[in-house]
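Descriptive structure summary
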Amino acid sequence: VQLQASGGGLVQPGGSLRLSCAASGSIVSPNVMGWYRQAPGKQRELVATMTWSGRTNYADSVKGRFTISRTNGKNTVNLEMTSLKPEDTAVYYCNTKTDYMRDYDYWGQGTLVTVSS
């Protein structure tokens, strides 16, 4: 499975940005797709996930500001980010996995989001 992420960049505080990640290859369903991020000097952390049935989970730090969605037959995961803060600056990684196939756990290449004036 390959995950191709896009949409990162530089944005001012309070601005918005949309990330997308398209999965291709030997996709297994149902699955979970989501976004994680890693800021400099910090561990990778969960941002948001969405199950095949549409159930979402958000980190407390992004609730009310970020929205996750799945499109393209549920094989693309999007992250709409609004009211961005400097502390949102990180490399964002998309991920897909299942809870019934332990080896089915794939990561995208990461896309940098920088929130700065």
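My aim in this report is to walk through the structure given alongside it, one point at a time. Note that the structure is a prediction, hence the values are computed from the model and not measured.

Another point: the packing of aromatic side chains. All told, the structure shown has two aromatic pairs when counted by the stated rule. Look at Tyr-36 and Trp-107: their rings are 5.0 Å apart centre to centre, the planes differ by 65 degrees, and that puts the pair in the edge-to-face class. With Tyr-36 in strand 4 (residues 32–38) and Trp-107 in strand 10 (residues 105–107), this residue pair connects regions lying 71 residues apart in the sequence. Under the relative-accessibility criterion, Tyr-36 is labelled buried at 11%. Between Tyr-104 and Tyr-106, the ring centres sit 5.2 Å apart and the planes meet at 85 degrees, which makes this aromatic pair edge-to-face. A relative accessible area of 29% means that Tyr-106 is categorised as partly exposed. Across the ring face of Tyr-93, the terminal group of Arg-44 is positioned such that the distance to the ring centre comes to 3.8 Å. Sitting above the plane of the Trp-107 ring, Arg-44 keeps its charged end 4.5 Å from the centroid.

Attention shifts here to the nonpolar core. Within the largest apolar cluster, 29 residues are counted, with the highest numbers of intra-cluster contacts made by Trp-35, Val-47, Phe-66, Ile-68, Leu-79, Met-81 and Tyr-92. At the level of elements, strand 1 (2–6), strand 3 (17–24), strand 4, strand 5 (45–50), strand 7 (66–71), strand 8 (76–81), strand 9 (90–97) and strand 11 (111–115) are the ones that each hand at least two residues to this core. The element that contributes the greatest number of residues to this core is strand 3, accounting for four residues. Leaving out residues up to four positions away in the same chain, Ile-68 has contacts with Met-33, Gly-34, Trp-35, Ala-48, Thr-49, Met-50, Thr-56, Tyr-58, Val-77, Asn-78 and Leu-79.

Attention shifts here to the state of the cysteines. The term disulfide refers to a covalent linkage connecting the sulfur atoms of a pair of cysteines. Scanning all chains against the criterion turns up one disulfide. Shown here is the disulfide that connects Cys-21 with Cys-94, its sulfur atoms set 2.0 Å apart. The chirality of the disulfide connecting Cys-21 with Cys-94 is right-handed, given an S-S dihedral of about 50 degrees. In this pair, Cys-21 is assigned in strand 3 and Cys-94 in strand 9, connecting sequence segments 73 residues apart.

Turning to the pairing of strand 7, a few remarks are in order. Here strand 7 shows a clear split, with Phe-66, Ile-68 and Arg-70 buried on one side and none of Thr-67, Ser-69 and Thr-71 buried on the other. Relative to strand 8, strand 7 runs antiparallel, the two being bridged by six bridges. Residue Arg-70 lies in a different strand from strand 8, and its bridge partner there is Val-77. With antiparallel pairing between neighbouring strands as the criterion, strand 7 and strand 8 make up a hairpin whose turn holds four residues, including Asn-72 at a positive phi of roughly 55 degrees.

Remark: a regular strand shows side chains that alternate across the two faces of the sheet. Counting buried residues in strand 9 gives six out of eight residues, a clear majority hidden from the surface. Judged from the seven bridges that link them, strand 4 and strand 9 form a sheet pairing that is antiparallel. Within strand 9, the position partnered with Val-32 by the bridge is Lys-97. Sheet topology places strand 9 next to strand 11; three bridges connect them, and they run antiparallel. For Val-91, the partnering residue across the bridge sits in strand 11 and is Leu-112. Relative to strand 10, strand 9 runs antiparallel, the two sharing three bridges. Paired with Asn-95 across the strands is Trp-107, a residue of strand 10.

Cut-off values and rules
Residues numbered from 1 in each chain as written. Predicted model: local features only at pLDDT ≥ 70, side-chain atom pairs only at ≥ 80, totals over all residues. Heavy atoms only, no water. Phe/Tyr/Trp six-rings, centres within 6.5 Å; stacked < 30°, edge-to-face > 60°. Helix = DSSP H or I, 4+ residues; strand = E, 2+ residues; numbered from the N terminus. Buried < 20%, exposed > 50% of the residue type's maximum accessible area, 1.4 Å probe, protein only. Lys NZ or Arg CZ within 6 Å of the ring centre and 35° of its normal. Core = buried A, V, L, I, M, F, W, Y, C linked by side-chain atoms within 4.5 Å. Contact = heavy atoms within 4.5 Å. Disulfide = S-S within 2.5 Å. Pairing = 2+ DSSP bridges.

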